Amino acid sequence: MAQTGKGGSGSGSSRKSARLGAWAAASVLILIPGALSACDVDNTALDGSAGQTAGEVVVGSGDTAESRVLAEIYAGALRSTGAPASTEPGLGDRTAYLRRLDAGEVTLVPEFTGRLLRYYDPESTEKEQDEVFEALSQALPQGLSISDYAAAEDRSALAVSADTSTRMAVTTLDELIPACSRSVAVLTPDFEAGSLADLTGCTFAQTRAVPDGAAAVAELSVPAQTDGAVVAGVTTATPEVASSDLVLLDDDEAIFTAQNVVPLYRVGALGEPQIKALNVVAGELTTADLADMIGQVRGGADSADVARVWLDAHV
């Protein structure tokens, strides 16, 4: 399986929660004798004893395998609290499903911190996971909130084969820089290519696009024609990357933006038990889990079945 060069990408740093007004102040009812005789009171709306919310929670998802399986995980976690929850998959790209969320047609959607931050604030420059999370909390439109982010991430990374890592003594991005001018970079569509400019001193001899993670991994299996290397620009939750004998070069300087899994939901739609359930998912879900589930769904497995197996083991 893929390994990081020197102890991982720092996903173990403390996580923080952004509620952004998720708990509104409770209304105070002054009951005057006889005052309620002329009208009925909606006890469902007033009863917060179990943190239940009125109506069904609808978890929407985009068209990708990762969006579908994460939606099923969040829906299952919410059901574990007694909340009625369903999923509505296939809502299109980010713009399309966020429009549905804004309109109140869905209650929650799974997201990735960095991509969502750039969507709402294209000029943002934060890249470290905690900084990205805090900036995203501030950038969200009124009426939307996020809870804890997971260790699971789909962050961009540069990868080399294990043989190349040993031959060139390369385990970090800094160690790659002297070899960039004689190396070839193959980049997948989801890779954060624009951030390569921030890798000061690194200009690859050649850069070319490949269609997906499988193609990138295949390129790494071909021996380099020079004393340089073939380097793949991938994302960490790509199934082929996670299951291959690759070395993901440590990004000590945070060249690439954090992309931790996070739920985005409508303020007031979830009670405290539901938010706690989402945070349990955040505490349990790993990048390896996510990559494995994405691979299963892309291979034809039903996303609900895949999510159920994970939920049974972790929630």
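For clarity, every value in this text was computed on a predicted model and none was experimentally measured.

Digging into the environment of P178
Okay, step 1: Note on placement: P178 falls in the loop between α7 (173–176) and β7 (184–187).
Okay, step 2: For P178, a relative accessible area of 58% translates into the label exposed.
Okay, step 3: Sequence-wise, P178 and T203 are 25 residues apart; in three dimensions their C-alpha atoms are separated by 9.5 Å.

Notes on the packing of helix α4 (residues 113–120) against helix α5 (residues 129–139)
Any two packed helices are characterised by the angle at which their axes cross and by the distance between the axes.
Okay, step 1: At a minimum axis separation of 9 Å, α4 and α5 run at an interaxial angle of 40°. Here α4 is positioned oblique relative to α5, judged by the angle of their axes. Like other packed secondary-structure pairs, α4 and α5 cross with a definite hand, here left-handed. Of the residues in α5, those in contact with T113, G114, L116, L117 and Y120 of α4 are V132, F133, A135, L136 and A139.
Okay, step 2: Residue composition of the contact of α4 with α5, grouped by class: eight nonpolar, two polar and no charged.

A word on the pattern of salt bridges
A side chain with one charge can pair with a side chain of the opposite charge if their charged atoms come near.
Okay, step 1: A full pass over the atoms with the stated rule returns 10 salt bridges.
Okay, step 2: In this structure, the salt-bridge partner of E105 is R100, at a minimum N-O distance of 2.3 Å.
Okay, step 3: Residue E105 is classed as partly exposed on the basis of its relative accessible area of 43%.
Okay, step 4: Relative accessible area serves as the criterion here: at 25%, R100 is assigned to the partly exposed category.

Quick notes on the packing of aromatic side chains
Okay, step 1: In total, this model carries three aromatic pairs according to the counting rule given.
Okay, step 2: For the pair Y119 and Y120, a centre-to-centre distance of 5.2 Å together with 85° between the ring planes defines the contact as edge-to-face.
Okay, step 3: Given a relative accessible area of 22%, Y120 falls into the partly exposed group.

Focus: the nonpolar core
Okay, step 1: Core analysis: the biggest nonpolar cluster contains 34 residues, and V59, V69, V261, L270, L285 and L290 have the highest contact counts within it.
Okay, step 2: Those elements giving two or more residues to this core turn out to be β2 (57–60), α2 (65–79), β4 (108–112), β11 (261–266), α10 (272–284), α11 (287–298) and α12 (303–314).
Okay, step 3: It is α2 that provides the largest number of residues to this core, a total of nine residues.
Okay, step 4: With sequence-adjacent residues up to four places away left out, V261 is seen in contact with L70, Y74, E111, F112, D148, Y149, A150, A152, L285 and L290.
Okay, step 5: Membership of the second largest hydrophobic core comes to 22 residues, among which are L173, A185, L196 and F204.

Cut-offs used in this document
- Residues numbered from 1 in each chain as written.
- Predicted model: local features only at pLDDT ≥ 70, side-chain atom pairs only at ≥ 80, totals over all residues.
- Heavy atoms only, no water.
- Helix = DSSP H or I, 4+ residues; strand = E, 2+ residues; numbered from the N terminus.
- Buried < 20%, exposed > 50% of the residue type's maximum accessible area, 1.4 Å probe, protein only.
- Axes fitted to C-alpha atoms, helices over the stretch in contact; angles between N-to-C directions.
- Parallel < 35°, antiparallel > 145°, perpendicular 65-115°, else oblique.
- Left-handed = near helix turned anticlockwise from the far one by under 90°.
- Contact = heavy atoms within 4.5 Å.
- Nonpolar A, V, L, I, M, F, W, Y, C, P; charged D, E, K, R; others polar.
- Salt bridge = Lys/Arg side-chain N within 4 Å of Asp/Glu carboxyl O.
- Phe/Tyr/Trp six-rings, centres within 6.5 Å; stacked < 30°, edge-to-face > 60°.
- Core = buried A, V, L, I, M, F, W, Y, C linked by side-chain atoms within 4.5 Å.

By themselves these figures say nothing about function.
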